[in-house]
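Chain residues, written in single-letter form:
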Amino acid sequence: MRTFVLVLALLMSSVVWSQTTEIKLATIAPAGSSWDKITTKMNEELKTKSGGKLSFKIYPGGTQGDEKDVVRKMRIKQIHAGGFTGNGLGQIAPQIRVLELPFLYKTPQEIDYVTGKMGSQMEAVLSKGNPPVVLLGWAEAGFVYIYSNKPIKKLTDLKGTKVWQWEGDPLAAATFASLGVAPVPLAITDVMTALSTNMIEAVYVPPLGCLALQWCSKVKYMTDLPVVNSMGALVMLQSEYNKLSPDQQKILREVTAKYTREIVDQTRKDNLQAVEETKRLGVQIVSVDEKDRQEIMDAAKKVWTDQAGKLYTAEQLLTIQKLVAEVTKGHSASAQLH
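Nothing here was measured: the structure is a model prediction, and the numbers come from that model.

Some words on the overall build of the protein
Item 1. Tallying secondary structure elements over the protein gives 14 helices and nine strands in all.
Item 2. Relative to a compact globule of 338 residues, whose C-alpha radius of gyration would be 20 Å, the protein shows 22 Å and is just as compact.
Item 3. Across its three principal axes, the protein shows a C-alpha extent of roughly 85 × 40 × 35 Å.
Item 4. In the protein, 77% of the contacts between residues at least 6 apart in sequence involve partners at least 24 apart.
Item 5. Counting only carbon and sulfur atoms, one obtains 55% of the accessible surface of the protein, whose full area is about 15900 Å².
Item 6. Side-chain charges of the protein comprise 40 positive and 34 negative groups, with the mean position of each set lying 3 Å from the other.

Here's the deal with the nonpolar core
Item 1. Judged by nonpolar contacts, the single largest core of 81 residues is most densely connected at Leu 99 and Trp 164.
Item 2. Setting aside residues no more than four positions away along its own chain, Trp 164 makes contact with Phe 176, Val 184, Leu 186, Ala 187, Ile 188, Val 191, Ile 200, Ala 202, Val 203, Tyr 204 and Trp 215.
Item 3. Phe 56, Met 236, Tyr 241 and Tyr 259 belong to the second-largest nonpolar core, a separate cluster that totals 22 residues.

As for the pairing of strand E4 (residues 133-148)
Item 1. Here E4 lies mainly inside the structure; 15 of its 16 residues are buried.
Item 2. For E4 and strand E8 (residues 221-237), the ladder comprises 13 bridges, and the chain directions are antiparallel. Bridge pairing in E8 links Val 144 to Val 228.
Item 3. Note: E4 against strand E7 (residues 202-205), four bridges, orientation antiparallel. If you follow Tyr 145 over to E7, its bridge partner there is Val 205.

Topic: the pattern of salt bridges
Item 1. With the rule as written, the count across this model stands at 15 salt bridges.
Item 2. Notably, a salt bridge pairs Lys 68 with Glu 167, separated by 3.0 Å at the nearest N-O pair. Within this pair, whereas Lys 68 is found in helix H3 (residues 67-75), its partner Glu 167 is found in the loop between strand E5 (164-166) and helix H7 (170-179), the two being separated by 99 residues in sequence.
Item 3. On the basis of relative accessible area, Lys 68 is assigned to the partly exposed category, the value being 35%.
Item 4. A salt bridge links Lys 279 to Glu 276; the shortest N-O distance between them is 3.6 Å. Taken together, the positions of Lys 279 and Glu 276, both in helix H11 (residues 246-280) and three residues apart, correspond to about one turn of that helix.
Item 5. Since its relative accessible area comes to 38%, Lys 279 is described here as partly exposed.
Item 6. The partly exposed category is assigned to Glu 276, whose relative accessible area is 44%.
Item 7. Within this structure, Asp 112, Glu 140, Arg 261, Asp 265 and Arg 268 form a network of salt bridges that share partners.

Topic: helix H12 (residues 290-300)
Item 1. Looking only at H12, the buried set comprises Asp 292, Arg 293, Ile 296, Met 297, Ala 299 and Ala 300. Along the axis of H12, the buried residues cluster in a sector spanning 165°; they form a single face. Facing away from the buried side of H12 by more than 90 degrees, the exposed set consists of Glu 290 and Lys 291.

Remarks on the packing of helix H5 (residues 108-127) against helix H14 (residues 314-326)
Item 1. Contact geometry for H5 and H14: axes closest at 8 Å, N-to-C directions at 155°. Between H5 and H14, the interaxial angle falls into the category roughly antiparallel. Every pair of crossing elements has a handedness; the one defined by H5 and H14 is right-handed. Contacts from Glu 110, Tyr 113, Val 114, Lys 117, Met 118, Gln 121, Met 122 and Val 125 in H5 reach Gln 316, Thr 319, Ile 320, Leu 323, Val 324 and Glu 326 in H14.
Item 2. Tallied by class, the residues present in the contact of H5 with H14 amount to eight nonpolar, three polar and three charged.

Observations regarding the confidence of the model for the protein
Item 1. Looking at the protein as a whole, the pLDDT averages 92, with 91% of positions reaching at least 70.
Item 2. Below a pLDDT of 50 lies the segment residues 332-338, which in the model reaches 15 contacts outside its immediate sequence neighbourhood of four places, other chains included.

Things to note about the packing of helix H2 (residues 34-49) against H11
Helix packing for two helices is described by the angle between their axes and how far apart those axes are.
Item 1. Where H2 meets H11, the axes come as close as 9 Å, and the angle between the chain directions of the two elements is 160°. With respect to each other, H2 and H11 are oriented roughly antiparallel. Crossing handedness for the pair H2 and H11: right-handed. When H2 is examined against H11, the residues Ser 34, Trp 35, Ile 38, Thr 39, Lys 41, Met 42, Glu 45, Leu 46 and Lys 49 are found in contact with a partner set consisting of Ile 251, Leu 252, Val 255, Thr 256, Lys 258, Tyr 259, Glu 262, Ile 263, Gln 266 and Asp 270.
Item 2. Of the residues in the contact of H2 with H11, the class split is nine nonpolar, four polar and six charged.

How each quantity is defined
- Residues numbered from 1 in each chain as written.
- Predicted model: local features only at pLDDT ≥ 70, side-chain atom pairs only at ≥ 80, totals over all residues.
- Heavy atoms only, no water.
- Helix = DSSP H or I, 4+ residues; strand = E, 2+ residues; numbered from the N terminus.
- Rg over C-alpha atoms; globule rule 2.2 N^0.38 Å.
- Contact = heavy atoms within 4.5 Å.
- Areas by Shrake-Rupley, 256 points an atom, 1.4 Å probe, with all protein chains shown as cover.
- Lys, Arg positive; Asp, Glu negative; His and termini not counted.
- Charge placed at Lys NZ, Arg CZ, Asp CG, Glu CD.
- Core = buried A, V, L, I, M, F, W, Y, C linked by side-chain atoms within 4.5 Å.
- Buried < 20%, exposed > 50% of the residue type's maximum accessible area, 1.4 Å probe, protein only.
- Pairing = 2+ DSSP bridges.
- Salt bridge = Lys/Arg side-chain N within 4 Å of Asp/Glu carboxyl O.
- Arc of directions from axis to C-beta.
- Axes fitted to C-alpha atoms, helices over the stretch in contact; angles between N-to-C directions.
- Parallel < 35°, antiparallel > 145°, perpendicular 65-115°, else oblique.
- Left-handed = near helix turned anticlockwise from the far one by under 90°.
- Nonpolar A, V, L, I, M, F, W, Y, C, P; charged D, E, K, R; others polar.
- pLDDT = per-residue confidence, 0-100.

So, in structure tokens, the structure goes:
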């Protein structure tokens, strides 16, 4: 009998040892984009370092729906992980949106400093989200600009334009309200059709996103005013992460930290190149006078205090403002295009 129990135990341990974990990961990043290519490399290294015991099954290009759809699928465990923009992360934990306020940052150095300093606080916020998730690494889509079918040089131009708003994004809705703009809420998957039918006349998106999503084929102008940095992150269901052994968790964190940093660096390079490519395709850069620039910024920044106590706390707002102010002034190369 003892021999039978021992053999059974050995067989069971063998099954556990041979078990592999496939992490279902969804993003809206288009197939073939830098994000998609880098996550594919990340997956290969994860499989290698885990001896084939860990891997991602990647669903790119919004094949699992818009970000709110992916969050919903994570809540019922159909999807285990997501590469999200701030909008998607905000569906999980609204307080994360304090990192994505309009006209908060001027340089990439400020972004890196703030996410580094607030990383542990935001990890705690996400761990209490709906669903609770583990932060595997920061990413970003980059500085967001307004692309339109007519020149937008001042606030009155924006107010008279049919501007897209990402459906279900409370920060975007509040920002447009501060600007006095009545936007057209749509899922990101509906934007191309809306541009084609003139349902909307303007979108806000990083240059790389405009190019990758092919929206640049439907717009004529890009306003040279970086409105916000579209931050993002790779997160995984806490319940699924907790099923991994400590060694597997360590490998997963090391690999994802390496490649999410690569995503950030590559995205910043790609955005600069995307500006030149969209210009080559006929998109004209529209400059904004300093007076009009300041008027737009002052109106948009009202959302900072308006959303304190709603999306995030007043203390979090104060903390992030102090952190941005701390960044060395010698690193203040402008995000404005030249």
